[in-house]
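Take a look at the letters that make up each chain.
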Amino acid sequence: MKRLFGKLNNFFRKPFVYAVIFSLILTGCVGYSLLAVFVIPSYETAVTYAKTNSYLVTEDTEESETEDVETTEEIKAETIITDSTYSDENITITITTKVVNDTTVYICDIYCSIQYLQTALANSTYGTNVTEKTSEIADSVGAILAINGDFYGANKKGYVIKNGVLYRDTVRNDSEYGDLVVYSDGSWDIIYEDEISAEELMEDGVVQLFAFGPTLVYDGEIVVSEDDEVDRSMTNNPRTAIGIVEDGHYVFVVSDGRTDESEGLSLYELAQVLEDCGCTLAYNLDGGGSSTLVFMGEVINKPTTLGNGIKEREVSDIVYIGY
Amino acid sequence: MFTSDTKTKMTHSLVGYFGTTVFLFVFYLVYKNFAFGEDSEYMRCAFMAPLFGGLIIMTFMALTSKGMRKYRLFYNLWNSGIALVVAGCLTKGVVEMSGRDADCHIPYFIAAGVMFLASVAVFFGRLSYRQKKIEQI
């Protein structure tokens, strides 16, 4: 034992042995840390599966399912679809394309009951680094219109409430940006995670929560300054935002960016677009390469991450209009 | 005051710490340039670890000039602490500049704290041992 210890001691006394071994171990640790953050999927369980606040739950499930099939078939018969519009008995969507500050912006005017504004998770699975293209998620749920969501899966903290289910109740580090909440009665509001617990939000009737930000328009006024930026990101970027004009009238906005054709929008320019649409409340969602707009199964905008190719980025969740 | 061997070691150390400091700052500027304007305080301040850690260690080197070899474990532990702080800052910086949020830097900072405390304990333990030896003589 003494001899072994002596040999080890002599080995580590050799020049650079300790440095090389320590460097290899440290490099391995850093590599694993980065893989855990960016690549390795982590499938997690929801805090609660109780859908007590979901407007999607009905008491007489069997009867309502039959009614839903009949209603859906009736609705399909009356549906009018063009390249940029959709209309049936319950949902009306109009997509307008305009150029703002050398950037192509897609504005979706949506008239529907709040129950048709839903969210969906990548691979129908909750967890970090669980991702899928917006168009694929949209296809899996039969979305009429879909945009990327708040990419909850990029972070380990922050409330996650989707379709009335509470998945995560830890407070996000940048809670000062505020979260957009949608209540079961159709009202929208901005809350701050360090001021109210996730359980209280569920008790208050929150069915959807978006944790990205910042808030762009509140009470009809632009609340983001011309210097505000999301996590100090570049001024002009592809953007995604969601807003409400009044109960039953919602707006989705997606802009291109990082290309020769479209420079991108600053947060203030994005807020101006939503204010011009008449939004009383508007909120910024994940932008950059995540910004994607899907209508009737087709990607409408030009999503790009580095500006050197049009390609969808895989995201963790979407917001969609559908049955 | 210093032997030529000591001067050589200190010069090498000075070059190493200064070079690492400059490299980390330049790395931050280059990375920021390709990060679509994203920024991170952790990556921006990573260069401070070898800068201040090096200044402190150079002071210790000056104090222990006559027996630097006997303090090798102290230097290894101290430099390990600096490396861990840098690793934590860079990891957190990469995550922040991608737009994400994760507390991946905390284990590195905790390990660095342990290394720094261990190195100081080893230093004073070694110093005390040498003083006793001198007194015996």
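Computed from a prediction, not measured in an experiment: that's the story for all the values here.

Caption draft 1: The confidence of the model for chain B, seen in detail. Across chain B, pLDDT averages 84, with 89% of residues at or above 70. Listed scores for the predicted complex are pTM 0.80 and ipTM 0.86.

Caption draft 2: Structural view of the pattern of salt bridges. Within this structure, the stated rule accounts for nine salt bridges over all chains. Across the pair B:Arg44 and B:Asp39 runs a salt bridge, and its minimum N-O distance is 3.2 Å. On the basis of relative accessible area, B:Arg44 is assigned to the partly exposed category, the value being 30%. On the basis of relative accessibility, which here comes to 10%, the residue B:Asp39 falls in the buried class. One salt bridge in this structure joins B:Lys92 and B:Asp103, with 3.9 Å as the shortest N-O distance. With a gap of eleven residues between them, B:Lys92 in helix α4 (residues 72-97) and B:Asp103 in the loop between α4 and α5 (106-136) connect regions that are remote in the sequence. Several salt bridges converge on common partners, so that one network encompasses A:Lys157, B:Lys92, B:Asp101 and B:Asp103.

Caption draft 3: Local environment of the side chain of A:Ser290. Relative to the assigned elements, A:Ser290 resides in the loop between β19 (281-284) and β20 (293-295). Here A:Ser290 is in contact with A:Asn148, A:Phe151, A:Arg313 and A:Val315, once residues within four sequence places are set aside.

Caption draft 4: Broad picture of helix α3 (residues 48-63) of chain B. With 16 residues, α3(B) should cover 22 Å at 1.5 Å per step; its first-to-last C-alpha distance of 23 Å lies within 8% of that length. Buried within α3(B) we find B:Ala49, B:Pro50, B:Gly53, B:Gly54, B:Ile57, B:Met58, B:Phe60 and B:Met61.

Caption draft 5: Spatial organisation of the sheet that holds strand β5 (residues 103-111) of chain A. Residues and elements named next belong to chain A. On the basis of which strands lie adjacent, the open sheet formed by nine strands has the order β2-β3-β4-β5-β18-β17-β19-β15-β16 and antiparallel pairing. Edge positions in the sheet fall to β2 (80-81) and β16 (221-222), since each of these pairs with one other strand and no more. Both β5 and strand β18 (residues 249-255) contribute to a ladder of seven bridges, which runs antiparallel. Within β18, the residue paired with tyrosine 111 across the bridge is histidine 249. Taken strand by strand, helix α6 (residues 267-276) contacts β4 (92-100), β5, β15 (215-218), β16, β17 (239-246), β18 and β19, and its axis lies near 35 degrees from that of β15.

Caption draft 6: Quick peek at the interface of chain A and chain B. Taken together, the contacts link 26 residues of chain A with 24 residues of chain B. Between chain A and chain B, roughly 2200 Å² of surface is buried when both sides are summed, and carbon and sulfur atoms account for 57% of that area. Joining chain A to chain B, the criterion identifies one salt bridge. Taken together, the links from chain A to chain B amount to nine residue pairs in polar contact (both at pLDDT 80 or more). Among the elements that make up the side of chain A that touches chain B, the one with the highest residue count is helix α2 (residues 17-38) of chain A (nine residues).

Cut-offs applied
Residues numbered from 1 in each chain as written. Chains lettered and ligands numbered in written order. Predicted model: local features only at pLDDT ≥ 70, side-chain atom pairs only at ≥ 80, totals over all residues. Heavy atoms only, no water. pLDDT = per-residue confidence, 0-100. Salt bridge = Lys/Arg side-chain N within 4 Å of Asp/Glu carboxyl O. Buried < 20%, exposed > 50% of the residue type's maximum accessible area, 1.4 Å probe, protein only. Helix = DSSP H or I, 4+ residues; strand = E, 2+ residues; numbered from the N terminus. Contact = heavy atoms within 4.5 Å. Expected span 1.5 Å × (residues − 1). Pairing = 2+ DSSP bridges. Axes fitted to C-alpha atoms, helices over the stretch in contact; angles between N-to-C directions. Buried area = accessible area lost by both parts, 1.4 Å probe. Polar contact = N/O pair within 3.5 Å; in protein donor to acceptor, adjacent residues only side chain to side chain.

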